Amino acid sequence: FLPPISFNHWFAYENNFTAEKLTPTLQASAEVGLDYFCVDGGWFPGGFRDGIGNWREGDPAKFPHGIKPFSDLVRKAGMKYGTWFEPEFAHR
């Protein structure tokens, strides 16, 4: 049994990403057989660090149609979708 393998966008893009920019990486991840595609910090308004705790919705500049269409694309490609958050920052 092998553990699941994922792609985490942070190490390639940090806060500099959009759904459009992530789509080719999502497709490449599916092609090599990864199990999960994780959108890490910065998916929320304000970006990573400044926007932590603002988790009600995705950043409309990064996900103009919302996160659901992007997560649907991940699932359609045969992977599971993951969204990063740090629960210890939920008090913000």
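Here's a quick rundown of the structure. (Residues numbered from 1 in each chain as written. Predicted model: local features only at pLDDT ≥ 70, side-chain atom pairs only at ≥ 80, totals over all residues. Heavy atoms only, no water.)

Let's talk about the sheet that holds strand β2 (residues 36-39)
Across a sheet, strands are paired by hydrogen bonds formed along the backbone, either parallel or antiparallel in direction.
Right, so step 1: Reading across from one edge, β1-β2-β3 is the order of the 3 strands in this open sheet, with parallel pairing throughout. Each end of this open sheet is capped by a strand with a single partner; those strands are β1 (6-8) and β3 (80-83). Neighbour-to-neighbour, the strand axes of the sheet open up by a mean angle of 20 degrees, direction not taken into account.
Right, so step 2: When β2 meets β3, the two strands line up parallel, connected through 4 bridges. Within β3, the residue paired with Phe37 across the bridge is Tyr81.
Right, so step 3: Along the sheet face, helix α2 (residues 19-31) touches β1 and β2 and points at about 155 degrees away from the line of β2.
Right, so step 4: Relative to the sheet, helix α3 (residues 67-76) contacts β2 and β3, its axis offset from that of β3 by approximately 140 degrees. (Pairing = 2+ DSSP bridges. Helix = DSSP H or I, 4+ residues; strand = E, 2+ residues; numbered from the N terminus. Axes fitted to C-alpha atoms, helices over the stretch in contact; angles between N-to-C directions. Contact = heavy atoms within 4.5 Å.)

What about the side chain of Asp59?
Right, so step 1: Inspection of the secondary structure puts Asp59 in the loop between β2 and α3.
Right, so step 2: When neighbours within four sequence positions are excluded, Asp59 is seen to be in contact with Trp43, Phe44, Pro45 and Gly46.

Considerations on the side chain of Lys62
Right, so step 1: Here Lys62 lies in the loop between β2 and α3.
Right, so step 2: An unpaired buried charge is present at Lys62: no salt bridge exists, and Asp59, the closest side chain of opposite charge, is 4.3 Å distant.
Right, so step 3: Polar side-chain contacts of Lys62 include one of 2.8 Å to the backbone oxygen of Gly42.
Right, so step 4: Beyond its immediate chain neighbours, meaning those up to four positions away, Lys62 contacts Asn15, Phe17, Thr18, Ala19, Gly42 and Gly47. (Buried < 20%, exposed > 50% of the residue type's maximum accessible area, 1.4 Å probe, protein only. Lys, Arg positive; Asp, Glu negative; His and termini not counted. Salt bridge = Lys/Arg side-chain N within 4 Å of Asp/Glu carboxyl O. Polar contact = N/O pair within 3.5 Å; in protein donor to acceptor, adjacent residues only side chain to side chain.)

Comments concerning the packing of aromatic side chains
Right, so step 1: Tallying each qualifying case throughout the model produces 8 aromatic pairs.
Right, so step 2: An angle of 65 degrees between the planes, with centres 5.1 Å apart, marks the rings of Trp10 and Phe48 as edge-to-face. Highlighted residues: Trp10 in helix α1 (residues 10-13) and Phe48 in the loop between β2 and α3, separated in sequence by 38 residues.
Right, so step 3: Owing to a relative accessible area of 24%, Phe48 belongs among the partly exposed residues under this scheme.
Right, so step 4: Relative to Phe70, the ring of Phe37 has its centre 5.8 Å away and its plane inclined at 65 degrees; by these criteria the two rings are edge-to-face. Of the two residues, Phe37 sits in strand β2 while Phe70 sits in helix α3, which places them 33 residues apart along the sequence. (Phe/Tyr/Trp six-rings, centres within 6.5 Å; stacked < 30°, edge-to-face > 60°.)

Keep in mind that these numbers describe shape and distance, not what the molecule does.
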